[in-house]
There are 2 protein chains.
Amino acid sequence: MLRHVSATSLAAMLRERGLRLTPQRQLILEAVHELGHATPESVHTAVRERAAGVNITTVYRTLELLEELGLVNHTHLSHGSPTYHPAGDDQHVHLVCRSCGSIAEVDPAVMDPVTGLLLRERDFRVDVGHVSLFGLCGDCKDTP
Amino acid sequence: MLRHVSATSLAAMLRERGLRLTPQRQLILEAVHELGHATPESVHTAVRERAAGVNITTVYRTLELLEELGLVNHTHLSHGSPTYHPAGDDQHVHLVCRSCGSIAEVDPAVMDPVTGLLLRERDFRVDVGHVSLFGLCGDCKDTP
DNA sequence: TTTCGTGCAAATACTTTGCACACGG
DNA sequence: CCGTGTGCAAAGTATTTGCACGAAA
């Protein structure tokens, strides 16, 4: 269960593509791991606590890069900013309550019947690390 | 299988709340039905073909209203603008290809195993008319 | 030394808000 | 008439882009 990508392996992944390891890229990747659910804004805030000068532009560019490298995924929780989270085997499906805004996580295996069906019948390969389901949570379904 | 909400029934729903039937509201609701998948921008364009003066602000306000009335739903297809579609029994789940951007639709019944499980085990009521699944379509999965 | 990466500033996209007038009921 | 709805303009947020300098390899 790999929860952290070490600086050296990040460096290796970057080098493979002729890209460079910078303090910003390390800090941003660490921030995503620490935050779990991270918007560009929250990453920016977190990174700034360690290194004041890091620009929001760099956060956007780096998150996009980290996603290309397969180190993070993003999903859209309700409206507004995308939410980034570490890629890997700790993936989860999000349950977003439209009433109270709470976000719960469930094992992506709950999607297996659906992903299997869609692959067989529609030739569509669902990216499970990317799924958000909207609805009403237990606390809200009675008092909407 | 009700595919259109008539002007009179829209009027009735509005009147119940002390709201008014206006040409803009009729046109915008019609546009959502005609377009099927409609962003605020595309609704604006479609409506303008019939009535030049309609403002984008009114489109936003009206889509929000129509959603409160339960006449339309919106979902987030990839990034960017939300996509509105008619509410009712023609609901569908969206399959969004992250490679080519294509949007396919499937019967929401494919989600039944998942919605049932989440209701039983997590007390979470999934809004199926709101589901978008991201992944790779058949055309793209071989040549990503 | 050679690119690549970053910060900065400005541009762009999307959405919301305040207000005065228009108009549906 | 009364009060809601609209258009307009402007403000607010979120994100992207161009460019010159700084820095990794």
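Residues numbered from 1 in each chain as written. Chains lettered and ligands numbered in written order. Predicted model: local features only at pLDDT ≥ 70, side-chain atom pairs only at ≥ 80, totals over all residues. Heavy atoms only, no water.

1. Points about the pairing of strand β1 (residues 72-75) of chain B
All names here are of chain B. The two faces of β1 match: Val 72 and His 74 on one face and Asn 73 and Thr 75 on the other face are all buried. Alignment of β1 against strand β2 (residues 83-86), held across four bridges, turns out to be antiparallel. Bridged to Thr 75 within β2 is Thr 83. (Buried < 20%, exposed > 50% of the residue type's maximum accessible area, 1.4 Å probe, protein only. Helix = DSSP H or I, 4+ residues; strand = E, 2+ residues; numbered from the N terminus. Pairing = 2+ DSSP bridges.)

2. What to know about the protein's contact with DNA strand C
The full set close to DNA strand C counts 19 residues, and A:Arg20, A:Arg25, A:Thr58, B:Arg20 and B:Tyr60 are the nearest of them. Backbone atoms, meaning sugar plus phosphate, form 65% of the atoms of DNA strand C positioned within 4 Å of the protein. Note that a base nitrogen of DNA strand C is positioned 2.7 Å from one of the side-chain N or O atoms of B:Arg20. The separation between a phosphate oxygen of DNA strand C and a polar side-chain atom of B:Tyr60 is 2.4 Å. Elements that contribute at least two residues to the surface near DNA strand C include exactly α2 (23-35) and α4 (56-68) of chain A together with α4 (56-68) of chain B. Residues of the surface near DNA strand C, tallied by class, amount to six nonpolar, eight polar and five charged. (Near = heavy atom within 4 Å. Polar contact = N/O pair within 3.5 Å; in protein donor to acceptor, adjacent residues only side chain to side chain. Nonpolar A, V, L, I, M, F, W, Y, C, P; charged D, E, K, R; others polar.)

3. Some points on empty space enclosed by the protein
Scanning the model with the defined rule gives one cavity of 30 Å³ or more in all. Lining the largest cavity we find A:Thr75, A:His76, A:His130, A:Ser132, A:Phe134, B:Thr75, B:His76, B:His130, B:Ser132 and B:Phe134. Only β6 (132-136) of chain A together with β6 (132-136) of chain B provide two or more residues apiece to the lining of the largest cavity. Class assignment of the residues belonging to the lining of the largest cavity gives a composition of two nonpolar, eight polar and no charged. (1 Å grid on protein atoms, 1.4 Å probe; cavity = no way out; pocket = protein on both sides within 12 Å on 5 of 7 lines; lining within 4 Å. Points joined across faces, edges and corners; volume = space filled by probe spheres on them.)

4. Focus: helix α2 (residues 23-35) of chain B
Residue and element names in this part refer to chain B. Spanning 13 residues, α2 covers 18 Å between terminal C-alpha atoms, matching the ideal 18 Å at 1.5 Å per step. Of all the residues in α2, the buried ones are Leu 27, Ile 28, Leu 29, Ala 31, Val 32 and His 33. Phi for Gly 36, located one or two positions after α2, is positive at around 80 degrees. (Expected span 1.5 Å × (residues − 1).)

5. What about the protein's contact with DNA strand D?
Neighbouring DNA strand D are 18 residues; A:Tyr60, B:Arg20, B:Gln24, B:Arg25 and B:Thr58 lie closest to it. At the protein interface, 63% of the atoms of DNA strand D within 4 Å belong to sugar or phosphate. Within the residue set of the surface near DNA strand D, elements represented by two or more residues are α4 of chain A together with α2 and α4 of chain B. For the surface near DNA strand D, the per-class residue count stands at five nonpolar, eight polar and five charged.

6. Details of helix α3 (residues 40-50) of chain A
Listed as buried for α3(A) are A:Pro40, A:Val43, A:His44, A:Ala46 and A:Val47. Elements that come into contact with the buried residues of α3(A) comprise α2, α4 and β2 (83-86) of chain A. (Contact = heavy atoms within 4.5 Å.)

7. Regarding the interface of chain A and chain B
Where the parts come together, the accessible area they lose is often given as the size of the interface. On the side of chain B, 33 residues touch chain A, which itself brings 33 residues to the contact. Interface area, chain A with chain B, both sides summed: about 2900 Å², of which 64% is carbon and sulfur. Counting across the interface, chain A meets chain B through three salt bridges. Two residues, B:Asp127 and A:Arg98, come together in a salt bridge whose shortest N-O distance is 2.3 Å. Across the chain A-chain B interface, the total number found is ten residue pairs in polar contact (both at pLDDT 80 or more). Secondary structure elements with two or more residues in the side of chain A that touches chain B: β3 (93-97), β4 (103-106), α5 (112-122), β5 (125-126), β6 and α6 (138-141) of chain A. (Buried area = accessible area lost by both parts, 1.4 Å probe. Salt bridge = Lys/Arg side-chain N within 4 Å of Asp/Glu carboxyl O.)

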